[in-house]
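# Structure assessment
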Amino acid sequence: LHPTVRQFSQDQLDLLEDEISVTSPVRKYIDFYSQQLQKFGGYEWNIGQYFKLVPYEFEVINAINRAYRLWISSRDVPGGQFFRTAAINMTFNISWYLSWRGYWDLRIQLCRQITDELEKIELLEHSYNYFSNIAGNLYIDQGWIHLRRGQYKKSSFCVTQAKSLMALTDAKYATELEAQL
């Protein structure tokens with residue numbers, strides 16, 4: 001899209017953010033890019049499809065940021081959970097893609113905003129639930145970048161957090177990262 005058209009579209013969505021019904025343009029926008037991430041994103045098992053995300057990259061990241069912002073602002077609003085789920089799942093599905101593209105700072109930023117928020121609202125206190133396993137994986141994703149940068153204390157922190165959150169099936173990733181420290 002031409003930058004002017006993209007900005008106009010973003011401005012129009014900004015005007016509609018108060019409407020969070022199932023049929024709202026904002027939800028449709030987020031849902032569209034969430035579906036693209038489900039098809040072409042994900043972890044290393046889907047790396048052969050990553051190139052198909054490149055044309056959507058800018059808008060996917062905007063949709064993640066919008067979903068996150070709406071999650072925070074609509075916590076107690078009926079239907080607001082859609083944005084929480086979208087922000088979490090979209091971040092989970094884009095994390096490896098961001099590494100593949102070399103967007104390491106963005107990867108850390110998106111992963112960290114999710115893990116920080118989940119900890120803040122205490123959704124991770126119930127051992128091995130859906131959110132805790134995703135958060136554990138997002139900590140591991142951050143940890144790999146910190147390791148690459150020689151930030152061993154930060155990487156070690158990520159391992160510790162991940163180990164406390166992940167189900168046994170995914171805990172091997174924390175062990176794998178820890179072995180590299």
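It should be noted that the structure appears before, not after, this text.
Now for a look at the structure at hand. (Residues numbered from 1 in each chain as written. Predicted model: local features only at pLDDT ≥ 70, side-chain atom pairs only at ≥ 80, totals over all residues. Heavy atoms only, no water.)

If you walk through the whole model with that rule in mind, you get 12 aromatic pairs. Between F32 and Y56, the aromatic rings sit 6.1 Å apart at their centres with planes inclined by 70°, giving edge-to-face as the arrangement. Placement of the pair is F32 in helix 2 (residues 25-40) and Y56 in the loop between helix 2 and helix 3 (57-73), with a sequence separation of 24 residues. You can call F32 partly exposed: its relative accessible area is 37%. Y56 sits in the partly exposed class, given a relative accessible area of 27%. Aromatic side chains Y33 and Y56 sit 6.2 Å apart centroid to centroid with 65° between the ring planes, which places their arrangement in the edge-to-face category. Of this pair, Y33 sits in helix 2 while Y56 sits in the loop between helix 2 and helix 3, and the two are 23 residues apart along the sequence. Above the face of the F82 ring, R27 is positioned so that its terminal group lies 4.0 Å from the ring centre. (Phe/Tyr/Trp six-rings, centres within 6.5 Å; stacked < 30°, edge-to-face > 60°. Helix = DSSP H or I, 4+ residues; strand = E, 2+ residues; numbered from the N terminus. Buried < 20%, exposed > 50% of the residue type's maximum accessible area, 1.4 Å probe, protein only. Lys NZ or Arg CZ within 6 Å of the ring centre and 35° of its normal.)

So, about the state of the cysteines. Working definition: the covalent bond between the sulfur atoms of two cysteines is a disulfide. Counted according to the given criterion, the structure contains 0 disulfides. In this structure C111 is not part of a disulfide, and its nearest cysteine sulfur, from C158, lies 9.2 Å away. For C111, a relative accessible area of 1% translates into the label buried. The exposure class assigned to C158 is buried, which follows from its relative accessible area of 3%. (Disulfide = S-S within 2.5 Å.)

Judged by nonpolar contacts, the single largest core of 43 residues is most densely connected at I30, W71, M90, I94 and I114. If you list the elements that add at least two residues to this core, you get helix 2, helix 3, helix 4 (81-101), helix 5 (104-120), helix 6 (130-148), helix 7 (152-165) and helix 8 (168-180). Excluding anything up to four places from it in sequence, I94 contacts L37, V60, I61, I64 and L110. (Core = buried A, V, L, I, M, F, W, Y, C linked by side-chain atoms within 4.5 Å. Contact = heavy atoms within 4.5 Å.)

Two elements in contact, helix 4 and helix 5, have axes whose closest approach is 9 Å; the angle formed by their N-to-C orientations is 155°. Looking at the two axes, helix 4 sits roughly antiparallel to helix 5. The element helix 4 and its partner helix 5 pack so that their crossing is left-handed. Of the residues in helix 5, those in contact with A87, I88, T91, I94, S95, W96, L98 and S99 of helix 4 are W104, L106, R107, L110, C111, I114 and L118. Classifying every residue of the contact of helix 4 with helix 5 gives 11 nonpolar, 3 polar and 1 charged. (Axes fitted to C-alpha atoms, helices over the stretch in contact; angles between N-to-C directions. Parallel < 35°, antiparallel > 145°, perpendicular 65-115°, else oblique. Left-handed = near helix turned anticlockwise from the far one by under 90°. Nonpolar A, V, L, I, M, F, W, Y, C, P; charged D, E, K, R; others polar.)

On to the pattern of salt bridges, then. The full count for this structure, using the stated rule, is 6 salt bridges. The partner of E57 in a salt bridge is R101, with the nearest N and O atoms 2.7 Å apart. Residue E57 is found in helix 3, and its partner R101 is found in helix 4; the two are separated by 44 residues along the sequence. Here K120 ties to E117 by a salt bridge, and the two come within 3.2 Å at their closest N and O atoms. In this pair, K120 and E117 are both assigned in helix 5, 3 residues apart and thus about one turn of the helix distant. For E117, a relative accessible area of 3% gives the class buried. (Salt bridge = Lys/Arg side-chain N within 4 Å of Asp/Glu carboxyl O.)

Viewed as axis vectors pointing N to C, helix 6 and helix 8 meet at an angle of 20°, and their least axial separation amounts to 10 Å. Taken together, the axes of helix 6 and helix 8 are roughly parallel relative to one another. Between helix 6 and helix 8 the crossing geometry is left-handed. Residues N133, N137, I140, G143, W144 and L147 of helix 6 lie in contact with helix 8, whose contacting residues are D170, Y173, A174, E176, L177 and Q180. Counted by class, the contact of helix 6 with helix 8 contains 6 nonpolar, 4 polar and 2 charged residues.

Once that is clear, we can look at a nonpolar patch on the surface. A cluster of nonpolar side chains, contributed by I47, F51, V54 and W100, occupies part of the molecular surface with about 370 Å² of accessible area. Mapped onto the fold, V54 is located in the loop between helix 2 and helix 3. Judged by its relative accessible area of 31%, V54 falls in the partly exposed class. (Patch = residues over 30% accessible without salt bridge, like charges linked within 9 Å, V, L, I, M, F, W, Y side chains within 5 Å. Areas by Shrake-Rupley, 256 points an atom, 1.4 Å probe, with all protein chains shown as cover.)

None of the figures reported here should be taken as evidence of function without further support.
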